Amino acid sequence: MSEMRRGWTAAAGVLAAVLMLGGCGGSTSAEEGKAKPPTPTVEDSPAWDTALPTTEEPAPEYAPGPEGAIDQKADEEGWMWASDYSSASEYVQDMCDSLPSQSKDTSPAQWLAEAGYMDEDGQKILNYGVPKLCPKWTKTIRAAVSGDYPRYISGGEYEVKTNPAPYDPDSDSDVQEIGPGTYVATGHFSDCYWERTAANGNIIDNQFVTQATRLTVTLQVGELFKNECGTFKPAS
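Each chain carries its own residue numbering, running from 1 in the direction its sequence is written. Restriction of local features to residues with pLDDT of at least 70 applies here, the model being predicted, together with a cutoff of 80 or more for giving and counting side-chain atom pairs; totals for whole chains, interfaces and linings are based on all residues. Calculation of side-chain values draws on the structure's entire complement of heavy atoms; hydrogens and water are dropped beforehand.

Explain the overall build of the chain to me, using residue names and the numbers behind them.
A run of DSSP states H or I qualifies as a helix once it reaches four residues; a run of E qualifies as a strand once it reaches two. Both are numbered from the N-terminal end. Counting its regular elements, the chain contains 6 helices and 8 strands. From first element to last, N terminus to C terminus, the chain shows the α and β order α-α-α-α-α-α-β-β-β-β-β-β-β-β. The rule is simple: take the accessible area with a 1.4 Å probe, protein chains only, and divide by the maximum for that residue type; under 20% is buried, over 50% is exposed, in between is partly exposed. Expressed as a percentage of the 236 residues in the chain, the buried residues total 29%. A separation of at least 24 residues holds for 58% of the contacts in the chain among residues at least 6 apart in sequence. In this analysis, two residues are considered to be in contact whenever any of their non-hydrogen atoms come within 4.5 Å of each other.

Which residues make up the state of the cysteines, and what values do they have?
The definition used for a disulfide is geometric: two cysteine sulfur atoms within 2.5 Å. Applying the stated rule across the entire model yields 2 disulfides. With its sulfur 1.9 Å from that of its partner, cysteine 96 forms a disulfide with cysteine 134. Handedness here is read from the sign of the S-S torsion; for cysteine 96 and cysteine 134, about -65 degrees, the answer is left-handed. With cysteine 96 in helix H3 (residues 88-98) and cysteine 134 in the loop between helix H5 (122-133) and helix H6 (138-146), this residue pair connects regions lying 38 residues apart in the sequence. With relative accessibility at 9%, the residue cysteine 134 sits in the buried group. Shown here is the disulfide that connects cysteine 192 with cysteine 229, its sulfur atoms set 2.1 Å apart. Handedness here is read from the sign of the S-S torsion; for cysteine 192 and cysteine 229, about 110 degrees, the answer is right-handed.

An account of the packing of H3 against H5 is requested, with residue identities and associated values reported.
Taken N-terminus to C-terminus, the directions of H3 and H5 make an angle of 70 degrees; their axes are 9 Å apart at the nearest point. On the basis of the axis angle, H3 is roughly perpendicular to H5. Residues Ala88, Ser89, Tyr91, Val92, Gln93, Met95 and Cys96 of H3 pack against Gly122, Ile125, Leu126, Gly129, Val130 and Leu133 of H5. Of the residues belonging to the contact of H3 with H5, the class tally is 9 nonpolar, 4 polar and no charged. Axis lines are fitted through C-alpha atoms, for helices just across the contact stretch, and the angle between N-to-C directions can take any value from 0 to 180 degrees. Here roughly perpendicular refers to angles of 65 to 115 degrees, roughly parallel to angles under 35, roughly antiparallel to angles over 145, and oblique to all remaining angles. When residues are sorted by character, Ala, Val, Leu, Ile, Met, Phe, Trp, Tyr, Cys and Pro go into the nonpolar class, Asp, Glu, Lys and Arg into the charged class, and all the rest, Gly among them, into the polar class.

Explain the packing of helix H2 (residues 66-77) against H3 to me, and be specific about the residues and the numbers.
In the contact formed by H2 and H3, the axes pass within 7 Å of each other and the chain directions differ by 120 degrees. As the angle between them shows, H2 and H3 are arranged oblique. When H2 is examined against H3, the residues Glu67, Ile70, Asp71 and Ala74 are found in contact with a partner set consisting of Ala88, Ser89 and Val92. Each residue belonging to the contact of H2 with H3 can be placed in one class, and the counts come to 4 nonpolar, 1 polar and 2 charged.

Mind laying out the sheet that holds strand E3 (residues 181-189), listing which residues take part and the relevant values?
Taken together, the 3 strands give an open sheet; going across it, the order is E6-E3-E8, and neighbouring strands pair in antiparallel fashion. Here the strands that pair on one side only, and so sit at the sheet edges, are strand E6 (212-219) and strand E8 (233-234). Pairs of strands are assigned from DSSP output, requiring at least two bridges between the strands.

Run through the nonpolar core, naming residues and quoting values.
Within soluble globular proteins, side chains that are nonpolar generally end up buried alongside one another. We call a set of buried Ala, Val, Leu, Ile, Met, Phe, Trp, Tyr and Cys residues a nonpolar core when their side-chain atoms join them within 4.5 Å. With 24 residues, the main nonpolar core has Val92, Met95, Leu112, Leu126 and Val130 as its most contacted residues. It is H3 that provides the largest number of residues to this core, a total of 5 residues. In contact with methionine 95, not counting residues within four places along its chain, are Tyr85, Trp111, Leu112, Tyr117 and Leu126. One finds Val160, Cys192, Ala212 and Phe225 within the second-largest nonpolar core, a separate group that totals 17 residues.

All quantities given are derived from atomic positions and should not be read as evidence of function.
This is the structure we're talking about:
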C-alpha cells in the first residue's frame, strides 16, 4: 500500500513538472505572437522647419509736399531716372535749376530735347514733376515733348527744311536740319565766316566777318547754311 502511495506521489510530481513546463512554454509563445512596435527611423522623425521667418518690407514713406508726390508717382509707375540722382524729385529739381542758364547756345526746350533729358522715362518724370516744382517752365516741357520749339543754330552745316528733324547726336551725317526764317547772332565776332548755298552748290550769300556785334541771315527751304560765327537765334 505504501509503495502505491509512493508511485502516486512520483506520478503527481511528474505531472506537476509537465504542467509547469507547459505553462512556461505557453507564456513564451503568447509573447512571441505579439507584434513588436516598429523601430523609429530618421524618416519617421518630425520634420523641423529650418526656414527663416519672412518679414514684409515696410511701406515707403514720402515727404509731404510736391517732392513726395513726385517720388510716390515715380515709384507707382516704375519710372527710372539717371543714377546720378537719389530720387525722381531730385532729378526734377536739378532740371528746374538748370533751365534758366540754358539760353546761350540752345533754347531751353531745345536743350532738354537734344541733350537726352526727355528720353525714356525722363519725359514722363519731367512732364509730371516740373508743373509741381517750377510751374513757369511747364510750357517749355510741353514744347520739348512736342518738338515744336525755337532752334538755335550753332557752328556747323544745316539743311533748311519746312519740318526739320530733331537734332540727332548719333547721326552719321555732319549736316543737321533747321527750319526756314530769319536768324540773328549777337556778340563780338571777328575772323569768322558764314554762307548760304543753293542745293546745286551755288553760293547765294556769304560773309567774311572781321569785326561785328550783330549778324543776320534769312534762310529759305532747300538751302544749305554753313556757320562758323557763333550762335544764331530765331529773330523775335
